[in-house]
Structure formats: structure tokens, C-alpha cells
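These are the residues of each chain, in order.
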Amino acid sequence: MAAAGRLRRRVLLLAVPWRWRCSPRRGAAGCPPAGQVRAAFLRFFEERHGHRRLPSAPVRPRGDPRLLFVNAGMNQFKPIFLGTAHPRSELAQHRRVVNSQKCVRAGGKHNDLEDVGRDTYHHTFFEMLGNWSFGDYFKEEACSMAWELLTEVYEIPKDRLYVTYFAGDSSLGLSADEECRDVWLCLGVPASHVLPFPLKDNFWEMGDTGPCGPCTEIHYDHVGGGRNAAALVNQGSPDVVEIWNLVFMQYSREVEGNLLPLPQHHVDTGMGLERLVTVLQNKHSNYDTDLFTPILDAIHKGCGGPRYQGLVGDADVGHVNMAYRVVADHVRALCVCITDGIYPGFSGAELVLRRILRRAVRFCSEVLHAPPGLLASLVPTVVEVLGDAYPELTKNADQIMDVINENEAAFQSSLERGRRIIERTVQQMEPSTYFPAEVAWSLYGNLGFPLDLIDLILEEKGISLDSAAFNELALEDAKQKAGGPPAGQLEDTNTCLDVHSLAQLRSSNVPATDDSPKYAYTLGQHGRYEFSPCQATVLILYRDQSLQKEVGAGQRCGVILDRTNFYAEQGGQASDQGYMIHLGQQDILFPVQSVRLCGGYVIHEVTAVETLRAGDQVQLFVDEAQRLACMANHTATHLLNFALRHVLGDNTEQRGSHVTAEWLRFDFNTTGPVTVEQLQQVEQVVQDVIKRNEVVHTAEVPLMLARRVQGLRAVDEGYPDPVRIVSLGVPVESVLTCNSEAAMQTSVELCCGTHLLQTGAMEDLAIISERQLVKGISRVIAVTGSQAKQAREAGQCLAMEVDSVSLRMKERSASIPEMQNLSKEVGQLTKMVASTPVPQWQRKELQTILKVLQRTANTAIKKLEMQQAEEKAQSMLAKHCNQPVIIDTVPADSLSILMKVVNQLCDKSPGTSVLLLSPQASGEVLCACQVSKHYVCSCCLAEDSGLSPALQESAH
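Reading guide: rules and limits
- Residues numbered from 1 in each chain as written.
- Predicted model: local features only at pLDDT ≥ 70, side-chain atom pairs only at ≥ 80, totals over all residues.
- Heavy atoms only, no water.
- Helix = DSSP H or I, 4+ residues; strand = E, 2+ residues; numbered from the N terminus.
- Buried < 20%, exposed > 50% of the residue type's maximum accessible area, 1.4 Å probe, protein only.
- Contact = heavy atoms within 4.5 Å.
- Areas by Shrake-Rupley, 256 points an atom, 1.4 Å probe, with all protein chains shown as cover.
- Lys, Arg positive; Asp, Glu negative; His and termini not counted.
- Charge placed at Lys NZ, Arg CZ, Asp CG, Glu CD.
- Pairing = 2+ DSSP bridges.
- Axes fitted to C-alpha atoms, helices over the stretch in contact; angles between N-to-C directions.
- Salt bridge = Lys/Arg side-chain N within 4 Å of Asp/Glu carboxyl O.
- Core = buried A, V, L, I, M, F, W, Y, C linked by side-chain atoms within 4.5 Å.
- Phe/Tyr/Trp six-rings, centres within 6.5 Å; stacked < 30°, edge-to-face > 60°.
- Lys NZ or Arg CZ within 6 Å of the ring centre and 35° of its normal.
- 1 Å grid on protein atoms, 1.4 Å probe; cavity = no way out; pocket = protein on both sides within 12 Å on 5 of 7 lines; lining within 4 Å.
- Points joined across faces, edges and corners; volume = space filled by probe spheres on them.
- Nonpolar A, V, L, I, M, F, W, Y, C, P; charged D, E, K, R; others polar.
- Right-handed = clockwise from strand over helix to strand, strands pointing away.

Our next topic: the overall build of the protein chain. In terms of helices and strands, the protein chain carries 30 helices and 30 strands. In terms of principal-axis extent, the alpha carbons of the protein chain reach across some 125 × 85 × 60 Å. Within the span of the protein chain, comprising 956 residues, buried residues form 50% of the whole. Contacts in the protein chain between residues at least 24 apart in sequence constitute 71% of all its contacts with a sequence separation of at least 6. Accessible surface computed for the protein chain: about 44,000 Å², of which carbon and sulfur atoms make up 51%. The average position of the 90 basic charges and that of the 112 acidic charges among the side chains of the protein chain differ by 4 Å.

So, on to the sheet that holds strand β25 (residues 748-750). Within the open sheet, the three strands sit side by side as β23-β24-β25. Their pairing is antiparallel. Every interior strand has two partners, whereas the edge strands, β23 (696-701) and β25, have only one. Adjacent strand axes in the sheet meet at a mean angle of 20 degrees, parallel and antiparallel pairs treated alike. Inspection of the sheet shows strand β24 (residues 723-728) paired to β25 by three bridges, in the antiparallel sense. Bridge assignment links S727 to a residue of β25, and that residue is V748. Those strands touched by helix α21 (residues 624-648) are β23, β24 and β25, and its axis lies near 70 degrees from that of β24.

What follows concerns the pattern of salt bridges. Taken as a whole and assessed by the stated rule, the structure comprises 34 salt bridges. For K102, the salt bridge goes to E392, with nearest N and O atoms at 2.6 Å. Here K102, found in strand β2 (residues 96-104), pairs with E392, found in helix α14 (residues 392-395); they are 290 residues apart in sequence, far enough to count as distant. K461 is the salt-bridge partner of E423, the closest N and O atoms lying 2.7 Å from each other. Of this pair, E423 sits in helix α15 (residues 397-428) while K461 sits in the loop between α17 (451-460) and α18 (467-482), and the two are 38 residues apart along the sequence. Here E423 falls in the partly exposed class, since its relative accessible area comes to 35%.

Moving on: the sheet that holds strand β27 (residues 777-784). In space, the four strands of this open sheet follow the order β21-β22-β27-β26, with antiparallel pairing throughout. Looking along the sheet, the strands with just one partner apiece sit at the ends: β21 (654-659) and β26 (765-774). Here the strands of the sheet are splayed against their neighbours by 15 degrees on average, with no regard to which way each runs. Note that strand β22 (residues 664-669) and β27 share six bridges and pair antiparallel. Residue pairing across strands places R665 opposite I781, the latter belonging to β27. Across the sheet, α21 touches β21, β22, β26 and β27, and the angle it forms with β22 is around 25 degrees.

The next subject is the nonpolar core. Among soluble globular proteins, nonpolar side chains are generally buried collectively. In this structure, F41, L150, Y154, I218, W244, I299 and L375 are the most contacted members of the largest nonpolar core, which totals 121 residues. With 14 residues, helix α10 (residues 320-339) is the largest single contributor of residues to this core. Setting aside anything within four residues of it in sequence, one finds L150 in contact with E155, I156, L161, I218, I243, W244, M271 and L276. One finds V559, L561, F666 and L756 within the second-largest nonpolar core, a separate group that totals 55 residues.

One can find H49 in the loop between α2 (34-48) and β1 (52-53). Not counting residues up to four positions away in its chain, the partners in contact with H49 are F44, R96, M145 and E148.

We now examine the packing of aromatic side chains. What characterises a pair of aromatic rings is the spacing of the ring centres plus the angle enclosed by the ring planes. Under the defined criterion, the tally for this structure stands at 20 aromatic pairs. Between F41 and W244 the ring centres are 5.8 Å apart and the planes differ by 55 degrees, which places this aromatic pair in the tilted class. Here F41 is found in helix α2, whereas its partner W244 is found in strand β8 (residues 240-253), with 203 residues between them in sequence. Judged by relative accessible area, which is 0%, W244 ranks as buried. Here the aromatic cluster, defined as three or more aromatic residues joined through ring pairs, consists of F41, F44, F45 and W244. One cation-aromatic arrangement involves R362 over F363; the distance from NZ or CZ to the ring centre is 4.3 Å. Over the ring of Y519 we find R724; its NZ or CZ atom is 3.7 Å from the centre of that ring.

On any regular strand, side chains alternate: one points to one face of the sheet, the next to the other face. For β21, the buried fraction is high: five of the six residues fall into the buried class. Two successive antiparallel strands, β21 and β22, enclose a turn made up of four residues.

With respect to the helices and strands, the residue T209 is situated in the loop between β6 (203-205) and β7 (210-221). Apart from the residues lying within four places of it in its own chain, the contact partners of T209 are R253, E254 and V255.

Now for the environment of E924. Relative to the assigned elements, E924 resides in the loop between β29 (913-919) and β30 (925-930). Among the residues examined, E924 registers a relative accessible area of 51% and is labelled exposed. With 205 residues separating them along the chain, E924 and Y719 place their C-alpha atoms 72 Å apart. Each residue touching E924, except ones within four places of it in the same chain, is listed here: S918 and P919.

With that settled, consider the layout of surface pockets. When its volume is computed, the second largest pocket comes out at roughly 460 Å³. Considering the residues around the second largest pocket, the lining is formed by 24 residues, among which I80, G83, R95, Q264 and R506 are closest to the centre. Every element with two or more residues in the lining of the second largest pocket is listed here: α3 (78-82), α4 (90-93), β9 (259-272) and α20 (499-507). In the lining of the second largest pocket, the residues fall into 15 nonpolar, seven polar and two charged.

Further remarks concern the pairing of β29. Both strand β28 (residues 885-889) and β29 contribute to a ladder of five bridges, which runs parallel. Pairing of I887 across the sheet is with L915, part of β29. For the crossover from β28 across helix α28 (residues 895-908) to β29, the handedness is right-handed. Relative to β30, β29 runs antiparallel, the two sharing six bridges. Its bridge partner lying in β30, P919 is registered against V925. Here β29 hands over to β30 after five residues, with G923 in that stretch at a positive phi of 100 degrees.

For the bond running from D721 to P722, omega is 5 degrees, close enough to zero to count as cis. Inspection of the secondary structure assignment puts P722 in the loop between α23 (703-706) and β24. Of note in the backbone geometry, E155 takes a positive phi value of approximately 55 degrees without being a glycine. In this structure E155 comes out as buried when scored by relative accessible area, which is 17%. Notably, Q545 is not glycine yet its phi reads approximately 60 degrees, a positive angle. In this structure, Q545 sits in the loop between β12 (534-543) and β13 (546-548). With a relative accessible area of 37%, Q545 lands in the partly exposed category.

Printed below as a string of C-alpha cells:
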């Protein structure tokens, strides 16, 4: 039996077609390219150990508002670790998984941005190779697979590898992970290479709460030569680096800080591709591998300066090598983020990306002295390096270059403004003082001026920034943005099941909630929707993170039923509201405030008006008006998605949506603002489908079959299997037919939401807002039904008022007060048009007209004032003929007119000084004056000679 096992092992080893040896004795030519290293990792786990290979998730996190970017391979698997994945979803079916995940660590808890370039191993973007076990294998198998891959497939010398394990923590009552240690010893790792480390090094946690556990790390000694480098492990030595971390998730950190054993054990491993390739290509720096050298070569070609030499610290004179590393790293991050829908902007991940771009541009221009456009010119090289692994980069190359170029141009303008502000501030400063923190913070926050550039400019001038005051401003800003505990945290205690409660439900064989009755509605007589009440049994109650059999009156809790007709918030659609009653007790209502789905269980948030117990029979009633409005807006969202693609092109893709009873919001990628004509066309496409009163077809089909539908619209979500298809006007059977193009001509989407049965009930759709969130992403807000009708009526009323003003403006009143009143009316209308819900295409049209009217009114007022001023000036000159000083009163409607009269008098009589007063009906007196140049010159001469102007006159 053992011999057969050894034979099978040998056959499997031969199944890997490439074998290399990476040792100091071999040159670069004998080492594998990065693409081959990545492919070997994926194939090893997929073909040899039965893992399912998954594509990388986008770096924009899905369903996790706490994260700016996906920063680890495990992010997309959080619902599995937390037990919240829907039991019918693809995610819940995973047991063994492998992938190469795109990761960005810049901003938030894991922030490497300011370290990038200073050394040879920090990055903003990197690739995380990982294998996972979800309740399948554990420590022995995970360590064995890792050792086999490193030493037998990659052929890394065993004497260069060191492994660490958790040494235990008495304060938490955790003993040393001797099981892990013994696994390594059994694999043949010498005891001198198996090292214990404390909590901070070898205990991994997802966050302040949640799944966690001990980890074991594999470190590589770049020097080798038979030495024992154990003392350098985890000491920050560049010669001994961690290459792989294997996390054993076996605990859950509770809110109180204590640890509880997880009901199911998981394995989560992560190995940075860049570090692994550095080892296998016999390099000491990640930037010397073929993941970076083509980009560094392209930078050299683009800037024409000295070549990259890999220098750091004081040896890097002028920071030229640091600049190479910054630009090479940052352009990779920009390419990946922009491709995945994150664009430079003003908040969150978009703000961080703006800083990455601007930091790269600054190093290009300030240090490398490269011409504008160098950064964007590197995109084809990045695509060449990474495009095979991530084909979406190839598809979006042109868009990436456009976004980079546009943002670079904007930043260059901001840099010039920032330098001028710094220069002006320095000139106004007293000697030996700190540069004001308020000015530095404004430059940093408002103009996006890099902080290190502020320090550099001030250093050149021998001035220091008031860092303490600046840090206080940064801390205050962070507190304001945090705004206390995360939204929804308090409610989560009753509506979001914790991992232990989920495990308890499953171990007790509590079935997932049957929520199919949410689709049980029909069109009755006269076209009215009829929603049938649903009878259900209370299975369990949830309060303060524990499952309970009974909840008393006045207490808020989560109610889990065997079945429900309530829609739980998901897929961008708000949850239903309504009430439940005890069966047979019509007079006592339990209001349902919200509904959430967690691990297949639907939790109804209820405040008990009397005691609720497991086993109670209840009847459920949804708020029909709210549900119907959500249905109309959700169907409208699908129609809007189709119409936007129809009008703007097939490259238009959904980036997010939200549906409530009041309105719908839809985000999509675009190359620029949507024009008035395009908005009208989009509305017309939707209205045509509404008028045809198309049938909304739905059906549940296997997920794999659904994904074959040509033209299918699907967002980056985890869908259940089977999945629900929603098709407008075309039966689902038709769109599933092989080679059918029916889905190209209508809206076909994967969707679990509730929809109208026919489009006619939508009545109308009006887009009442359209704006760009960031460059390349637009957001529209639309309303349907009576709200759309009201928006159109409001638009018509405003259009009539604008026409009225326009007509009166054409009459060209000769009165300044009348024209000023018209100008004020235009200003008031401008505010009303901006704030009133009206069709967006009409808002844009009216705003264009109002801008023209405002300019016309202003021009007319100025012309009338000039005419009036000229008439008054002529009258004053006739009254005060040839006098050197004119002091008088004159009627004038405004200070502007009075000043114009003064200017006219001085122009017509250059030697005259003028002071005019104009009493007003309010009791105020306006005053305007101007001294002649002749008098000013006389004063200057007098001052030089020590005589007064009057004595000088007499001297002449």
C-alpha cells in the first residue's frame, strides 16, 4: 500500500510539465518567468489536489463598506468564514479553492503607499497567490501541500526555508500550536528551522471581531550557503523574508474580546507572487524581476535619464531610483483599479487612487524630468506584463490611458496653484516660524498636493511644517469622517446572525427560510395587484447575538420563520415593511421594520408588543403600496440598464444600483456626461416598452445555463444556483435557446428581486438627476408613476416661467430697476430649476437658457448704467465748468452708477478730482470719489521737497 502511494506520488510529480532549479549557481536564463510561476501554483492545487480555480475578484470590495480596496485573497470569501453565504449560492458550495487575487494596500489599516519606492519590496498593487479549505482539510494537509510545492515543484533548497508557528498566549488562555510544529517536523524540517513566535507575529485576525486563528509562516533566506539564519526571522532583515502565510481559522473573536472555537475550521493561505518570483529568479529585489523590468525599461525610454540601478537610501542620489520604483508600482495599481471601476476622485478609494496618481506624476515630472504623458504611455507595457493573467486589462487599455492623461493635466494645474500659494505664504511669514498647518492641510485636502512635496519645497527654503498642528487637523478630519460607530452597527445585533448562532441553527437542523411566497402575487380585476397573506411558524428568536425561545413585550428582536412573503434587502432592493399578527388575534400587530437575509435565514426585525415564542403561529402582511412601488422601480431599473446600453453603446456597464419605494439609483461607466439628446432617447426607449405593456417573464434555471445567454446583464455578485432570470417581453425559454440573440433585443438579467408582471403599471419614467461621481462613472436617479408625472408637470411650469422672463427680456426695458428685477427673477428661477425634481434633460435645457438670460440682463444693466452715467456726467460738467475739485450730490440708483458717473467726469476732465454723494430712500448715503493724477503727482513732489501742495502752488 505504501509502495503504491509512493508510485502515485511520483506519477503526480511528473504530471507537472516544467521543472526548474532556482539556486545561486543558476543564471537568470534558467529561472522561470513570472507567468509560469503563477500558472504552476494554480495548476498544482487544481490538478494535483482537487481545488477549484477561481478568477480574481475586482479590487473594488463587494458588500464590505469597511474596505477601501480588496487587500487580501480572503476578502471575497468572508461570507463563508462568517457563515452568512446563502446555502444555494456558488460560494457556499466551495470546499477547496485556489486563485491569484489582485490586491491593493493603500489607505485604511493596510497602507503601504508612503513606503513604496523607499525600499525594494513595498507595493500598492500586488498579486496574492492563495489556496483555501472551507471545512475540508486543515493543518497537516495545508503544510504538506505548501512544502511539496516549494521544495519539489519550485525546487527551492530546503535549507533556505524556515517556518514559524504560534507560541501561545497565556493572557488569552491559548497554548502553543504544537500540532502545527509537529506537522513541520514530520515533513522533515529540522527543529532549528521550526521557530515559535508570539501573538503579534503568528496569530491572524480578520478585524476587531470575527474569525481568526494561529498561522504558520514560511520564510526564505536569500543568502544561504549553509548558514543558520534563524535569528534573522521576523527581524526585518531584507535577506530573510516571509514568502507564505498559512492561517488556520479555528476561533472567533467576540465583541467582549474573548475567543470562542469556530464550529468549522478553515484554511486561508496567502503568498505574494512578487516575492515568490524574486526567490525563483534569484533576485534580491522585487523590482529586478520580469514583473517590473519591462516597465522600468519603458520609463527609462520615456524620460531619457539614467537607467534604473536599484539604489536605495543615501546611495540613491537625487531619489532617481526611488522615482523609478514609485512610477512602476503606481502605474500597475492605476491600471488595475481603473479597470475594476475605481477612478481618481474625492472620497474613499477614489481619493486614495487620486493620491497614487498624483504621487506618480510628481515623481515623473519633478525627479525623472519626464515629459507630460509618460505615465499613460506605460499602460501598454503593464498590459503586456499582466494582460494574460487579467484579460480585462487588455480590454480597457485605451480607457485607462485617457483617465490617467486627464487627471495628470488637472494635477499639473493644481501643482502650479499650490506652488504659488506656498510662495505667497512664505513671503508673508515672520522669520524663524513654522509653515502654517492650516495652509498645508488645505493644499493637501483640497488641491490634492502631496504632503511629501510640501515638505520637500519647504526643506529647500529652510522652513519646517508645523507637524503637530497638521497631525491634529488630520486626526480631527478622520474623526469627522468616521462619525462614530459604523452605520447599522446597533441594528446588527438583532438582524445579522453571528457565526456561532448560524452553526447552532444548522446543527439543530433548523431549515433555511422558504421565501418563495414573496413572489406570490397576481394581477386581479381592473389591473390591481393582489398580495396574499402568508401563514408561518416562529422557529426561533434572535436577540443580543443569541438564539432565544421567547422574547418579552417591548423588546426588539429578530424573528426567524419557516416561511415568509417578506422581501429581504438584497440585490440593491430595499426590504419590505409590514406587520405580523398571532393567528386568530387580529387586533395585536407586530410591526416589521426591516428584513435581512443571513446564511439562508430571513430575519424579520420586530418590536414585540406582547410575548413572542418559538412555535407561535403568525400571519404576515406586507405593506402593499411600498412593495408595489419597489417592484415598479426595480423593473424600471432593468429597463433603464437596457436603454442606456441601447443609446450609449454595449460597453456601458452597470456599476451599482439601489431601489426604494421612492426612487431608483443607477451607476454606470461612461466616457463623459450624458447629453440632453441622449437622456431624451433613454427615456423614450423606456416609455416605448411601458406603452407596449410587455410581460415580465421570470424563471429559475441552473446558473451555468443562465450564464450562456448572449447579452445577459449580470453584476459582480454571488448568485444562488439555480438562479432567477428576469426577461422583459421575451419568454425565458427563448433566451435560453442555443445561439439565440433574443436577449440582445431586450432586458435580460439575473435577479432575485420582485418585479411587475407587466411593464404598463410603471406608467412613466423620468430621469431627474444625472451627474458624474468620478471621471468615468455616472449616476442617474429616476422616478416612476405619479412621481414621474409630477416631475414632468413641474418641468412644464418652470419652462413657462422661463419663457415669460425671456419674452420680457426681449422687450428691452429702458428702466434699470425693471431690468434689475428681471435679473433677480432669473437668479431665483436658476435656483428653482436646480433644486426642483424635473426631467434632467429639461433641467439642462432650462439651465442653458437661464445662463444666456443672466448674461443678457447683466449686459443690459451695464449698458443702461453707462448711458445714465454719461448723461449725469455731462450735466455735472456743465454745472462745474473747469473746476479742479467737484463735490456735489447726484441721484443714483446704485453705487455702481455713482462710480460710473465719477469715472466719466474724470475721463472727460482729467485734471479734476471728484467726490459725489447720493442720498438713498433707506437713509443711507452712497459716496464715490476719485483724485486726479495731477493732484497725486503734486503731492509726491511736495513730499519730496518738504512743502505742502498748497505752498507749492504759491511757489509757482
